There are 2 protein chains.
Amino acid sequence: MSFEKLDALGRRLESLEHALSILGADEATHMAVGGGEKRAEAMANLAGMYHTQSTAPEIRDWIEAAKAEDLNEDQTLALGEFERSYVNATCLPTEFVERRTVATMRSEQLWRELRARNDWDSFLPALEGVVDLVREEAALRSDALGLAPYDALMEQYDPGNRTETLNPIFADLKGFLKDFVPEALDVQEEKLSQRPLKALKGPYSIENQRELGLAAMRAVGFDFTHGSLAVSHHPFCGGVPTDVRMTTRYRTDQFLFSLMAVLHETGHALYEQGLDKSWSHWPLGKARGMGIHESQSLFVEMQLARSPEFWSFALPMIHQYMGEDAIPGWDATDVLNQVNFVERGYIRVDADEVTYPLHVILRYELEQDLVYGKLEAAQIPEAWDAKMTEYLGISTIDDPKDGPMQDVHWPGGAFGYFPSYTLGAMIAAQQWSALEKSLPDAREQIGKGEFDAINDWRRQNIWLQGSRYSTPDLITRATGEPLNPEFFKAHLRKRYGRNG
Amino acid sequence: MSFEKLDALGRRLESLEHALSILGADEATHMAVGGGEKRAEAMANLAGMYHTQSTAPEIRDWIEAAKAEDLNEDQTLALGEFERSYVNATCLPTEFVERRTVATMRSEQLWRELRARNDWDSFLPALEGVVDLVREEAALRSDALGLAPYDALMEQYDPGNRTETLNPIFADLKGFLKDFVPEALDVQEEKLSQRPLKALKGPYSIENQRELGLAAMRAVGFDFTHGSLAVSHHPFCGGVPTDVRMTTRYRTDQFLFSLMAVLHETGHALYEQGLDKSWSHWPLGKARGMGIHESQSLFVEMQLARSPEFWSFALPMIHQYMGEDAIPGWDATDVLNQVNFVERGYIRVDADEVTYPLHVILRYELEQDLVYGKLEAAQIPEAWDAKMTEYLGISTIDDPKDGPMQDVHWPGGAFGYFPSYTLGAMIAAQQWSALEKSLPDAREQIGKGEFDAINDWRRQNIWLQGSRYSTPDLITRATGEPLNPEFFKAHLRKRYGRNG
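Residues numbered from 1 in each chain as written. Chains lettered and ligands numbered in written order. Predicted model: local features only at pLDDT ≥ 70, side-chain atom pairs only at ≥ 80, totals over all residues. Heavy atoms only, no water.

Topic: the UniProt feature "active site" (unreviewed entry) in chain A
All names here are of chain A.
At step 1: Feature annotation in UniProt assigns "active site" (unreviewed entry) to the following positions: Glu 265.
At step 2: Tracing the sequence through the fold places Glu 265 in helix 10 (residues 256-274).
At step 3: Look past the residues within four positions of Glu 265 in its chain and what remains in contact with it is Pro 235, Phe 236, Cys 237, Met 246 and Thr 247. (UniProt positions renumbered as here; feature names shortened; annotations may be inferred. Helix = DSSP H or I, 4+ residues; strand = E, 2+ residues; numbered from the N terminus. Contact = heavy atoms within 4.5 Å.)

Written out as structure tokens, the structure reads:
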């Protein structure tokens, strides 16, 4: 049976992915510094084996033959995802992939060096090369998939997302935020004039912070028989579903940032741990995409862990693990004022949840213009500055390091990825609303530190669904309606608005 | 050029080995408990890819064609090792390998279960199956290599070792030890009647023990830019030459055992770190074999770290890392009396360096008889007991758990491996003697904690030689003469004898 050949192929590919995931996590956590060169060579060779095995011409024949076979529903859906993976993996000629790999690697290396020197002009030629390649890639993917070029790029990260649907949603959200950011800042100012922000008084020991982080992970449902927490320069959630490798980093003058980062990554981890393990060797059994993945991390971080209910439960944990004097005299409101502080800033990754979407929308708009030739790389600084000034009232024209050079995505050629971040925020809010309908006391449960029923809802509606459905279909099935920005807007109004 | 094809194949195989080594080390140190099943599947699939790629029929053609090519000396030697690896990898039919893998896996699992229950009778049928397979394997290897059957088994672990040479050496050593063990015990009794053994007074914190171990590793030359130390249930030295993964374990009532184990594994690590990195993707660039590897670990453990000179240097490190009260009032002699304590015992892995070779010789003799059909598995307990009684004066007849069931080697089908342990001890003593000839103040250097010149001698004579020469040739080149048990006997006499 041809489906069995695909099944066996899936097991071989899963083993190579397993090795690449664990080697990648190990590199960031436990590798000796001098081990990098051989590690890179090993991972490149394994990735090459993965590519060769996953794009073999006979797979096309197996897929076609399997369509005529007697398959059950899971197998039929699995076959669709095998085909989607195969088409996405084979739609670029090898010659192009090699050319792109060399160019984006070089561009990323240059970016690391030149960003530190705030040197846009020297970086520009490399970025122009990447933009040319991205246009070429978008055209190739567009031809193969029958999608608009930018949609064909997004399809890699969130199958089914289309600019036709997303443009009005992002436009609506942008319009809302232009008014709402000032409102949130005003409300915050009034609140803080009544009750000033309290200062953290370190040093906070790393050992205590680690214990607190582990306790928080355990509380919200992380399964330590299938995962662990380590330290790395940049926090990530990697590994494999049966052995999730989460990391964080610590500062001794702060512990709330690390704790919130741990909770964010725990959201990713719960999704991976909650996938159906019996399908893990099929594309069908993997997490759906970047937008859904981000919705799971932001669900834990934004919907759960930045809520007043969470802190009525979590405040005693701070005392327990950090000592009674860690935040002397603070109540839950003091913590919330810290972790939910709103501020107009230059840097996307440092942004709060109110201003963050504007950073993403700016990039989403610019990268469409770049892909469609309406904007050239040389024009980015002015275009970036104009939008930053319009959306957030701050100028980046003299500081490309904190402007268009701040992210690795464009130097690395990852166009079509940025929208996932804000889609994740919107999807998380919409999921919370749907969940609350079927679990009316969900907020009280958070306040008691009870996350089982909340996780069960997510397990049934998101995690166990793997890649059965496109991103839009998964949203509709889980929440009863298509993506609707009103849920996220209502969430922001409630938490940050004048009548919240 | 065909040699270039072998070179490229070597890089692919090195990448798969890299993944398997790191995944193996990770499994024992950082893997979540629930990750084992998928890890086993991934490693089995990667090992399958390794087998397929390393035994492909066209490799035979490349090797033959490369013989006619214009190769330099390194390439010529490398080609010889490519051929040796290929012949050793392909001399067993796939059907046999699969049959053996299933049988030894099952037998190992049974052994773990039944050893704990001291149940030889239930284990016997599985071991009989393994012995049949080992006889079959020895015959197959013998045919392919033109060696005697037991020699063909040893050839996997120490190329060039032959029973014809080793039997008289082991017989000589056995004869020596039969008299020398009683002498060493008498001498020890006299010494301890003058100065009784001091008792260790824990608890010794694991953190302090770890720092002491790291300091000892650093002192004898471990390169922390190419390796690290972690914790595992059984200490090992794994990973890859650019990123050696060493482990140890700790007991809070003892710190000397862990420290000596760390020093032993550091000996393995130095060999791996000292290999020529430019050849790491050729069989030629890998460590020569098990006997030479053990000689490097025992060189550090026995020749260096159990010597009086070492402890005149190392005693202050104990005070520094374990605190002044860790061993109050001890001098170097007190430590030496602890770490060099001689005792007749049942268990090979717990044996001191005087009695250890008798444990090995017993196994070496029995496994030859098993391979040649002079002994059947059912007769092992009696044969084992007879030799234990003759060599060490202790009986194991009622306690198979601490007799023939104590080691994993036979349940796992690894016949021909045991001699490596005692060969390593003899080679280490012979190397020390050769080294001292060219570095007459080597003992004083140890006493000052200076290991650079000692390591340079080993680097030039052993480490950088990789697999250029067979085990016997490497010994002769490094020490000026073939393996000679007199050096090890002299070492034992000096350390433990009446006139030492």
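Remarks on the domain arrangement of chain A
Residue and element names in this part refer to chain A.
At step 1: Examined at the domain level, chain A breaks down into domain 1 (2-154) and domain 2 (158-500).
At step 2: Centre-to-centre separation of domain 1 and domain 2, based on C-alpha positions: 26 Å.
At step 3: In this complex, domain 1 contributes 47 residues to the contact, which on the side of domain 2 involves 54 residues.
At step 4: Summed over both partners, the interface of domain 1 with domain 2 buries about 4300 Å², with 65% contributed by carbon and sulfur atoms. (Domains from an automatic or database assignment. Buried area = accessible area lost by both parts, 1.4 Å probe.)

Examining the UniProt feature "binding site: Zn(2+)" (unreviewed entry) in chain A
Residue and element names in this part refer to chain A.
At step 1: Listed under "binding site: Zn(2+)" (unreviewed entry) in the UniProt record, and renumbered for this structure, are His 264, His 268 and Glu 294. Considering the C-alpha atoms alone, the annotated residues occupy 31 residues of sequence yet fold into one spot, their largest mutual distance being 9.0 Å.
At step 2: With respect to the helices, strands and loops of the structure, His 264 is situated in helix 10.
At step 3: Aside from chain neighbours lying at most four places away, what touches His 264 is Glu 294, Ser 297, Leu 298 and Glu 301.
At step 4: Note on placement: His 268 falls in helix 10.
At step 5: With near-sequence residues (within four places) excluded, His 268 lies in contact with Cys 237, His 293, Glu 294 and Ser 297.

Regarding the relation of the copies chain B and chain A
At step 1: Superposing chain B onto chain A requires a rotation of 180 degrees together with a translation of 0.0 Å along the rotation axis, leaving an RMSD of 0.0 Å. Here the transformation between the copies is reduced to the relation of a two-fold axis. Of the C-alpha atoms belonging to chain B, the one lying closest to the rotation axis is found on Ala 19 of chain B, 3.2 Å away.
At step 2: With an isologous cut-off of 70% or more, the 100% of interface residues of chain B that recur at the interface of chain A puts this contact in the isologous class. (Least-squares fit on C-alpha atoms with pLDDT ≥ 70 in both.)

As for unusual backbone geometry
Leaving glycine aside, a negative phi is the common case for residues, and trans is the common case for peptide bonds.
All names here are of chain A.
At step 1: Of the consecutive residues Gly 202 and Pro 203, the connecting peptide bond is found in the cis state with omega at 0 degrees.
At step 2: Tracing the sequence through the fold places Pro 203 in the loop between helix 8 (163-194) and helix 9 (206-220).
At step 3: With phi around 60 degrees, Asn 118 is a residue other than glycine that occupies positive phi space.
At step 4: As for its position among the elements, Asn 118 is in the loop between helix 5 (94-116) and helix 6 (120-145).

Looking at the side chain of Ser 142 of chain A
At step 1: Structurally, Ser 142 of chain A can be placed in helix 6.
At step 2: Once residues lying within four places of it in the same chain are set aside, the contact partners of Ser 142 of chain A are Leu 147, Ala 148, Pro 149 and Ala 152 of chain A.

A word on the packing of aromatic side chains
Within a pair of aromatic rings, the relevant descriptors are the distance that separates the centres and the angle that separates the planes.
Residues and elements named next belong to chain A.
At step 1: A full pass over the atoms with the stated rule returns 40 aromatic pairs over all chains.
At step 2: Taking the centre distance of 6.3 Å and the plane angle of 45 degrees together, the rings of Phe 418 and Tyr 421 count as tilted. Both residues of the pair, Phe 418 and Tyr 421, count as buried.
At step 3: Three or more aromatic residues joined by ring pairs form one cluster here, namely Tyr 157, Tyr 356, Trp 384, Trp 410, Phe 415, Tyr 417, Phe 418 and Tyr 421.
At step 4: Above the face of the Tyr 469 ring, Arg 477 is positioned so that its terminal group lies 3.9 Å from the ring centre. (Phe/Tyr/Trp six-rings, centres within 6.5 Å; stacked < 30°, edge-to-face > 60°. Buried < 20%, exposed > 50% of the residue type's maximum accessible area, 1.4 Å probe, protein only. Lys NZ or Arg CZ within 6 Å of the ring centre and 35° of its normal.)

Describing the sheet that holds strand 1 (residues 227-231) of chain A
All names here are of chain A.
At step 1: Reading across the sheet, the three strands line up as 1-3-2 and stay open at both edges, with mixed pairing between neighbours. Every other strand in the sheet has two partners, leaving strand 1 and strand 2 (237-240) as the edge strands with one partner each. In this sheet, neighbouring strand axes are inclined to one another by 25 degrees on average, regardless of whether the strands run parallel or antiparallel.
At step 2: Pairing of strand 1 with strand 3 (residues 243-248) involves five bridges; the strand directions are parallel. The residue bridging Gly 227 from the neighbouring strand is Val 244, located in strand 3.
At step 3: Of the strands in this sheet, strand 1, strand 2 and strand 3 are in contact with helix 1 (residues 2-29), which crosses strand 2 at around 140 degrees. (Pairing = 2+ DSSP bridges. Axes fitted to C-alpha atoms, helices over the stretch in contact; angles between N-to-C directions.)

Side note on the pattern of salt bridges
At step 1: All chains considered together, the criterion is met by 87 salt bridges over all chains.
At step 2: Notably, a salt bridge pairs Arg 162 of chain A with Glu 155 of chain A, separated by 2.8 Å at the nearest N-O pair.
At step 3: By sharing partners, the salt bridges in this structure join Asp 7, Arg 11 and Glu 14 of chain A together with Lys 38 and Glu 41 of chain B into a single network. (Salt bridge = Lys/Arg side-chain N within 4 Å of Asp/Glu carboxyl O.)

Let's talk about the side chain of Asp 158 of chain B
Residues and elements named next belong to chain B.
At step 1: The residue Asp 158 is located in the loop between helix 7 (149-154) and helix 8 (163-194) in this model.
At step 2: One buried charged side chain, Asp 158, makes no salt bridge at all; its nearest oppositely charged neighbour is Arg 288, positioned 6.7 Å away.
At step 3: Setting aside chain neighbours within four positions, we find Asp 158 in contact with Gly 289, Met 290, Gly 291, Ile 292, Ser 420 and Thr 471. (Lys, Arg positive; Asp, Glu negative; His and termini not counted.)

Side note on helix 18 (residues 452-461) of chain A
Residue and element names in this part refer to chain A.
At step 1: Turning to helix 18, its buried residues are Ile 454, Asn 455, Trp 457 and Arg 458. Take helix 18 and look down its axis: the buried residues cluster within an arc of 155 degrees, on one side only.
At step 2: Buried residues belonging to helix 18 abut helix 9, helix 10, helix 11 (290-304), helix 16 (419-438), helix 17 (442-447) and helix 19 (471-479). (Arc of directions from axis to C-beta.)

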